[in-house]
Every structure is written in structure tokens, then in C-alpha cells.
Amino acid sequence: MNAKKKVPSNVIDLGRILRQKETEIELLQQTFTEIGSELNLNRVFQIVSERARKLINAETILIPIIDYNHRSYTYRGGSGKNAEEIVGESLPLNFGVCGWVLKHKKPWWQGTLKELSDDEKNRWEKEVGNILLVPLQGKKHFLGGISGLNKIGGKGFDKRDLNLLQLFAGIVSIAIENAMAVKKNEEFRSELKLLNSQLSDNNKQLEYLSLYDPVTALPNRSLSHYRITQDIKDAEFAGSNIGILLIDIDRFKDINDTYGHEQGDLLLNKIARRFEQRIRNHETLARLGGDEFIIVLPDHNRQQTIKRTEQFIHSLQEAFVIKGDSIVVNASIGIAIYPEHGNVFDHLLKHADVAMYAAKNSNISFNVYDPENDRLEKGHLILVSEARKALEEKNFELYYQAKVNARDGQIVSAEALGRWHSDTLGDVSPEIFIDILAESNLLDEYTYWAIETALAQAKKWQAAFRPVRIAVNLSPHTLMHPDFKQMVDRLVKDKTEGALLTFEITENLFLSEFDRVSDVLEYIRLLGVELSIDDYGTGYSSLSLLRRLKVSELKIDRSFIKDVAHNKDDEVIVHSTIELAHNLGLKVVAEGVETEETLDLLKKLGCDTIQGFLISRPLPVKEFNTFIKEPR
């Protein structure tokens, strides 16, 4: 009998962590659902204290709330050991740890001691014991806090407990504020009902977003996949054809670069409405993402599909108006026919994609997939060949997007962004050529070229203007390559040169083997190169490692910045991230800033550095030289 295979400990740990996170998420959802419409203030405090105690495994949870006189606070709720004896007691506003948190509006945990002077530290170490206390910030008012006393099992509360309780406090604070307001003024009930209605609408919106594209209101890739699969079943039964049109908007990136993503989204919406006017019953128009649409035409053979394709092309002939400018949009369309070109969604989509690129490369409006001359392999080989040629002949170019100090607007650094104009293919988007380079094992060579080019440019700016660090993006594959240290050592001669560079790495790098990652990052740091975590917030694995890795900067992902001025949840996340980073001695960059309103809020929240179209789009060297000379 074969011995039972031992499950690796890291797999067991991962399973345990995932189950634990599922339990935490379920607890948060249950709490939010239960108190969302609860008007009885005492009941709200009871639910919150019981859930919080379970969430962080505390012996006791207490909820101190600032009194209306703003001179004292009262323990309004509690759960666990000795809670009944404390609830109802009032103390001066500046008394104890609660008073410290209510005064500073900052969380208290064992890590806070490091921020205090020696005298304060000695005082609090004697008084506080094992306490975790986070602020309760309502929508309109600062309310008080949630305090955990003595973790069950004798261990101290850690950073993870702090993060969980802060997240929990952010979720429940609005409900507590609402219940307090209801008790004070019954007229608030109508507003509370409106909030509950909005919550219901939000749930419906989440369900809607899982199936529909938020920009165009069209079905998304998931729903289009389902519909095409159903159409294929019907066509198989009836012995009929299906026409598949994959539509790619030409040079759409230029529009985004010129007018910004908001106007780009508006144009996509207008294009969708044009196409929608020509869609019939039982046909599907969907947005796959980016500037790609798909149209599914049941009961259409090749000739009928081509005729309809010409109609969709004709619908784009009338110019669109964006910010007062008339813009003529062209598209490249690839056509695949079921069952001639495939009998499953993936094959049909792949072949339509091949046909679309053939149309784009041939500068024609549409092309029908030709199985005798499969453009996938040839098109891929052409791209690989052109990319290799571009590397050899140095036809890639770096554009630079400024990063400025949030307080005074002065340029502090720039991010290097690759661009490629091919004489054969035209402008090839970074999304395409980076993927091609990675698939073809050319990404490392491209990255070293980018580092060398950026460093040379930084030296020129240092000589002509002043030192400006340039950030270069590194893929995990390049960073973890065995030859990486040797290559970087050849490119960056000393710390003087290293001081002109920043390497941006993604959060998913932390999923790699930690000791190896740490060794490479420490080597980079010793060269004087700063390290920045790009797209921070899209992952969850790196929080516990931030203090152990020598990074200098966090870049908050643009998905949290886009609506931060209007989305309270995003604001809480951004604010918490900034505080976390600053507590760890890290700078914070907000990328994707496009409005003054967003900029003002980020300044208020303490963000250090700003990057986005509000400041400048990515610029070629000559234009950046002009931009850097402009007074701030």
C-alpha cells in the first residue's frame, strides 16, 4: 500500500489562512447586514461589541462614545469579561488611553509606543496593559472608538488585529452614527430609509456589474461567453451559422492620452450606442474590455455577416464630439463564422482576434479569418520579429510621466513608460508589446535597455536642471532571474548613479520565496536604488512583509484613487494606507489623479506624491524638458 502523501505545510497554512479570511469576511458581512437597518442604539452597540470580540479574539470589547458636551466620554456598549461593570461609566475626555485616541483620532496598539517620547512611553507602558483601540469616524462626526482588552490565549494584539478592527470600525461607524442620530431626532428615520434603499441598490449594482460593463452598460465578457455558448447550442441543433465580429477601436490609446480616461470612457459609451442602434433581437453586443467589442449574429452565414459588418463600420462614419472637438473613429474588425472557424467560444474568439489583427496590419476595415493562412502564428511571429528588431535597433522609446510633491507641486521624480512605433505595425500599445516580449523571453533584455536609457536620461537632467529620480517597472520574472544582480551591477556603477533610479515592483512579487526576494531587494537597496511597490492595494499578501523588506514607497493603485473624492470606502482605504505607510516610514504616491477635487482630498489625507493626467500625461524627452522648466 502506498504511503499517504504528506501535504506540504505551506499548503496547509494557505488553506488555514483562506478559511480564516472567509470567516472574517462572512462576519463582516453579517454585521453590516444586521445593523444596517437597526434603529435601536443599544442593540447596535450589543451587536458591534459581540462581533468585534469574536473578530479579534479579545476577552473584552468596550465602545467609548464622546458625549454631546464634548468634555467627556461614556462607555456605551461592551461585551465579555467585566464589560457589564464598565458600561455606563463616564470619564473626562482626556483620561486614559481612550482619551488619547479620542484626542489624536489615531489608533492605539503596542506599536504606538514607538511613536512616543521616552517619558510618555514609560508612563503608558505601566498603565495600558494589553489594549487595542481604534477610532470610530462617522460620516459627519467623530464618534469615539472600539477598544479590545486582553487577547484570549495571553498573546498581544498584533498588526493584523489592528487592521481588522480598523476595517470593522469603518464598516460599523456609519450605522452607529445613524442610530445615535435617530435617538436624538426621529425625523432622521426618513434619511435612514434612504440609506437602506441605497444599500439595496448597491447590492443590485454589484450583481449588475458582475454581468455588465459599467462604462457602456453592455454585457461584459462573462455574460457574452454565456450567451455565445447558448447560441452555439441552438445553432448546433438547428444546423445554422453564427457570425462573430471582434471590433477593436483604432488608436484609442491616443485619445486616452490626449483627453484623459474619463473622456475616453465617454467615447466608448457613445460608440456602444451607435452599434446598439443596429443590433436586432437575439443578437449580442458586448464589451470585452479596453477598446474591444464583440457582436454575435445568430443565423448569419459568411455573406450575411460581411454585409452586417459593413453596416457597423458605416455607423462610425459620423464624427463624435469630445470636449468640443470632432473625432472620427475607425475600427478594425475580425470575423469568424460558426462552425466553419470553430465550435466553441474560445476558438471562435481567438480566430476573430487573428482576423482583426490581420485587418489592422493590412490597414483595412475588416477581415474574415482564413484557416488556410492562419494569421495567429504568423501574426505572432511578425510581432516577435519586429519586437526583436526594435530592441536591436533601439526603436523603443521612453516617455516620462512626472511625479510631483503634493504640497508644493514641485517635480520630485518621473516614471519611465515604454512606447513603440513600428514602421510595419504602427503604434503598438504597451499592453501588447510587453506581453509579446514576455512570451518571447525578450522582456529581460527590454528591461535592461529601459534601466540603461532611464539612467542616462537622469544624468542629463541632473547636469542640466537638478537630480530627478526615474522609476522603471520591473517584472517579477526579471527581478528573480539568476543573472539580475550581475546585469544591474553592470548598469549601475555606484550609489551616485543608483540615487537617480527607482525600481517599481508589484505586490504579487511577495508571493515569491521570501528569502530570495529579500536578498535581491537588499542588493538593489545597497546600490542606492529606491524600491517602490506599484499598484498597492490590489493584493493582500504583503502587509506583514512591508516592515521586513527595504522598500521606500507605496503607490496606491489607481482603482482606489479614481473615485476617492466621492466614495467613502475608497477614502477609508486610501487614508488607512497612507497612515500605514507613514507609520512604517514609507512615502506614498497616488497614481491616476485626474481632478483637482481628488488632489485636494489627497493633500488633506497626507499623501506625499501625486501622479496622473492632472499633472501631466506621459511625455517624450523634449516635451518633458519643457515641462520641467515650467514654474510650479
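Quantities reported herein were computed from a predicted structural model and do not represent experimental measurements. (Residues numbered from 1 in each chain as written. Predicted model: local features only at pLDDT ≥ 70, side-chain atom pairs only at ≥ 80, totals over all residues. Heavy atoms only, no water.)

1. Thoughts on a negative patch on the surface
(1) Moving on: Together, E392, E393, D423 and E445 make up a negatively charged patch on the protein surface.
(2) Moving on: The residue E392 is located in helix α13 (residues 375-392) in this model.
(3) Moving on: Residue E392 is classed as exposed on the basis of its relative accessible area, which comes to 59%. (Patch = residues over 30% accessible without salt bridge, like charges linked within 9 Å, V, L, I, M, F, W, Y side chains within 5 Å. Areas by Shrake-Rupley, 256 points an atom, 1.4 Å probe, with all protein chains shown as cover. Salt bridge = Lys/Arg side-chain N within 4 Å of Asp/Glu carboxyl O. Lys, Arg positive; Asp, Glu negative; His and termini not counted. Charge placed at Lys NZ, Arg CZ, Asp CG, Glu CD. Helix = DSSP H or I, 4+ residues; strand = E, 2+ residues; numbered from the N terminus. Buried < 20%, exposed > 50% of the residue type's maximum accessible area, 1.4 Å probe, protein only.)

2. Describing the packing of aromatic side chains
(1) Moving on: Under the criterion given, the structure shown has 16 aromatic pairs.
(2) Moving on: Aromatic pair F275 and F312: ring centres 5.9 Å apart, planes at 85°, arrangement edge-to-face. Of the two residues, F275 sits in helix α10 (residues 261-276) while F312 sits in helix α11 (residues 302-314), which places them 37 residues apart along the sequence. The two residues F275 and F312 agree in class, both being buried.
(3) Moving on: A network of ring pairs unites the aromatic residues F396, W420, F433, Y446 and W449 as a single cluster.
(4) Moving on: The ring centre of F320 lies 3.9 Å from the NZ or CZ of R274, which sits over that ring.
(5) Moving on: We note R419 situated over the ring of Y399; from NZ or CZ to the ring centre the distance is 5.5 Å. (Phe/Tyr/Trp six-rings, centres within 6.5 Å; stacked < 30°, edge-to-face > 60°. Lys NZ or Arg CZ within 6 Å of the ring centre and 35° of its normal.)

3. Some details on the pairing of strand β20 (residues 587-591)
(1) Moving on: Among the 5 residues of β20, 4 are classified as buried, and the element is accordingly described as predominantly covered.
(2) Moving on: When strand β19 (residues 553-556) meets β20, the two strands line up parallel, connected through 4 bridges. Paired with K555 across the strands is V589, a residue of β20.
(3) Moving on: As judged from the 3 bridges shared by β20 and strand β21 (residues 609-611), these two strands associate in the parallel manner. Bridge pairing in β21 links V589 to T609.
(4) Moving on: The handedness of the β20 to β21 crossover, carried by helix α22 (residues 596-605), is right-handed. (Pairing = 2+ DSSP bridges. Right-handed = clockwise from strand over helix to strand, strands pointing away.)

4. As for the sheet that holds strand β7 (residues 284-289)
(1) Moving on: Across the sheet, which stays open at both edges, the 5 strands sit in the order β7-β8-β6-β11-β12 with mixed pairing between neighbours. At either margin of the open sheet sits one strand with a lone partner, and together these are β7 and β12 (366-368). In this sheet, neighbouring strand axes are inclined to one another by 20° on average, regardless of whether the strands run parallel or antiparallel.
(2) Moving on: Across 8 bridges, the pairing between strand β6 (residues 242-249) and strand β11 (residues 331-338) is antiparallel. Paired with I249 across the two strands is A331, which belongs to β11. (Axes fitted to C-alpha atoms, helices over the stretch in contact; angles between N-to-C directions.)

5. Considering the sheet that holds strand β4 (residues 131-137)
The strands making up a sheet associate through backbone hydrogen bonding, with each pair oriented either parallel or antiparallel.
(1) Moving on: The strand order β3-β2-β1-β5-β4 describes an open sheet built from 5 strands, whose pairing is antiparallel. Edge strands, defined here as strands with exactly one partner in the open sheet, are β3 (90-92) and β4. Sheet twist, expressed as the mean angle between neighbouring strand axes with direction ignored, is 25°.
(2) Moving on: In terms of strand pairing, strand β2 (residues 72-80) meets β3 through 3 bridges, oriented antiparallel. Within the sheet, the bridge partner assigned to Y73 lies in β3 and is L91.
(3) Moving on: Packed on one face of the sheet, helix α2 (residues 41-56) meets β1 (58-66), β2, β4 and β5 (142-151) and runs near 140° to β1.
(4) Moving on: Each of β1, β2, β4 and β5 is contacted by helix α4 (residues 96-104), which is oriented at about 35° to β4, the strand it contacts most. (Contact = heavy atoms within 4.5 Å.)

6. A look at the packing of helix α21 (residues 568-583) against α22
The axes of two packed helices give the description: the angle between them and the distance between them.
(1) Moving on: Relative orientation of the contacting elements α21 and α22 amounts to 40°, with a least axis distance of 10 Å. Viewed along their axes, α21 and α22 adopt a mutual orientation that is oblique. α22 is crossed by α21, and the crossing has right-handed handedness. Residue-level inspection shows E571, V574, H575 and I578 of α21 in contact with α22, the latter providing L601, L602 and L605. (Parallel < 35°, antiparallel > 145°, perpendicular 65-115°, else oblique. Left-handed = near helix turned anticlockwise from the far one by under 90°.)

7. A few points about the pattern of salt bridges
Once their charged atoms are close, side chains differing in charge can pair, the charge on each being opposite to the other.
(1) Moving on: Scanning the entire structure with this criterion turns up 19 salt bridges.
(2) Moving on: Note that R525 is salt-bridged to E522, the shortest N-O span being 2.7 Å. In this pair, R525 and E522 are both assigned in helix α19 (residues 514-526), 3 residues apart and thus about one turn of the helix distant.
(3) Moving on: One salt-bridge network, in which partners are shared between bridges, spans K403, E415, E504, E553, K555, R558 and E591.

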